[in-house]
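As a plain string of letters, each chain reads:
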Amino acid sequence: MSKIQQTLSIIKPDAVERNLEDNIKKIFTENNLGIKESKKIQITKDEAAEFYKVHQSKPFYNDLCDYLSSGPIVVMILEGENAVVANRKLMGATNPKDAEENTIRKLYGISIDKNSVHGSDSIENAKKEIDFFFKN
Ligand code: UDP
Ligand code: MG
């Protein structure tokens, strides 16, 4: 049964800065995830704090919010079969050291914090995150 879904992807500042936008987009499109929307923006620390508020009790929260707001990012709506899980597979593990070969984080991630991409982790969060960036 076909399960066409949408998910939110972010190319984080470390990857935008290294001009990896086209390389990363190619990985999505070559793996049957269409890019329905894409925009390059910079967010404030307050917006980053709202976006990542699920992590507010974690020791890395403050640095994470500083980081996501530190430079331009590319936010995208990806669409395709099982898009949430398909995107997470293409991304690889949170820590690039643990990521499988040929995943985005293995190819391009620098460290656990500068790991090049964000991807929604569930259908419910995908909807919330898409609304966060694309609802007017
Ligand atoms: N992160 C970090 N230190 C940690 C764990 C996570 O800096 O010890 C950052 C990392 O950039 C990660 C983000 O916080 O991508 C969100 O963490 P999560 O566990 O949700 O990982 P993800 O879903 O991005 O794989
Ligand atoms: Mg996560």
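Residues numbered from 1 in each chain as written. Chains lettered and ligands numbered in written order. Predicted model: local features only at pLDDT ≥ 70, side-chain atom pairs only at ≥ 80, totals over all residues. Heavy atoms only, no water.

Take Gln5: it is sitting in strand S1 (residues 4–11). For Gln5, a relative accessible area of 11% corresponds to the buried category. In terms of polar contacts, Gln5 uses its side chain to reach the backbone amide nitrogen of Ala83, at 3.2 Å. When neighbours within four sequence positions are excluded, Gln5 is seen to be in contact with Leu78, Glu79, Gly80, Asn82, Ala83, Val84 and Ile123. (Helix = DSSP H or I, 4+ residues; strand = E, 2+ residues; numbered from the N terminus. Buried < 20%, exposed > 50% of the residue type's maximum accessible area, 1.4 Å probe, protein only. Polar contact = N/O pair within 3.5 Å; in protein donor to acceptor, adjacent residues only side chain to side chain. Contact = heavy atoms within 4.5 Å.)

With that settled, consider the layout of surface pockets. One number sums up the size of the largest pocket: a volume of about 800 Å³. In terms of lining residues, the largest pocket is bounded by 26 residues, among which Tyr52, Val54, His55, Leu64 and His118 are the most central. Among the elements of the structure, helix H3 (45–51), helix H4 (61–68), strand S4 (117–119) and helix H7 (123–134) are those that each provide at least two residues to the lining of the largest pocket. Among the elements that make up the lining of the largest pocket, the one with the highest residue count is H7 (four residues). When the residues that make up the lining of the largest pocket are grouped by side-chain class, the tally is eight nonpolar, seven polar and 11 charged. (1 Å grid on protein atoms, 1.4 Å probe; cavity = no way out; pocket = protein on both sides within 12 Å on 5 of 7 lines; lining within 4 Å. Points joined across faces, edges and corners; volume = space filled by probe spheres on them. Nonpolar A, V, L, I, M, F, W, Y, C, P; charged D, E, K, R; others polar.)

A few words now on the site of ligand 1. All residues adjacent to ligand 1 are Lys12, His55, Phe60, Leu64, Arg88, Thr94, Arg105, Ile112, Asp113 and Asn115. Between ligand 1 and Asn115 there is a distance of 2.9 Å, counted from an oxygen atom to a side-chain nitrogen or oxygen. Burial of ligand 1 by the surrounding chains reaches 78%, relative to a free accessible area of 500 Å². Judged by the fraction of its atoms near the pocket grid, ligand 1 is located in the largest pocket. Residue classes in the shell around ligand 1 are distributed as three nonpolar, three polar and four charged. (Near = heavy atom within 4 Å. Areas by Shrake-Rupley, 256 points an atom, 1.4 Å probe, with all protein chains shown as cover. Sits in = over half its atoms within 2 Å of the grid points.)

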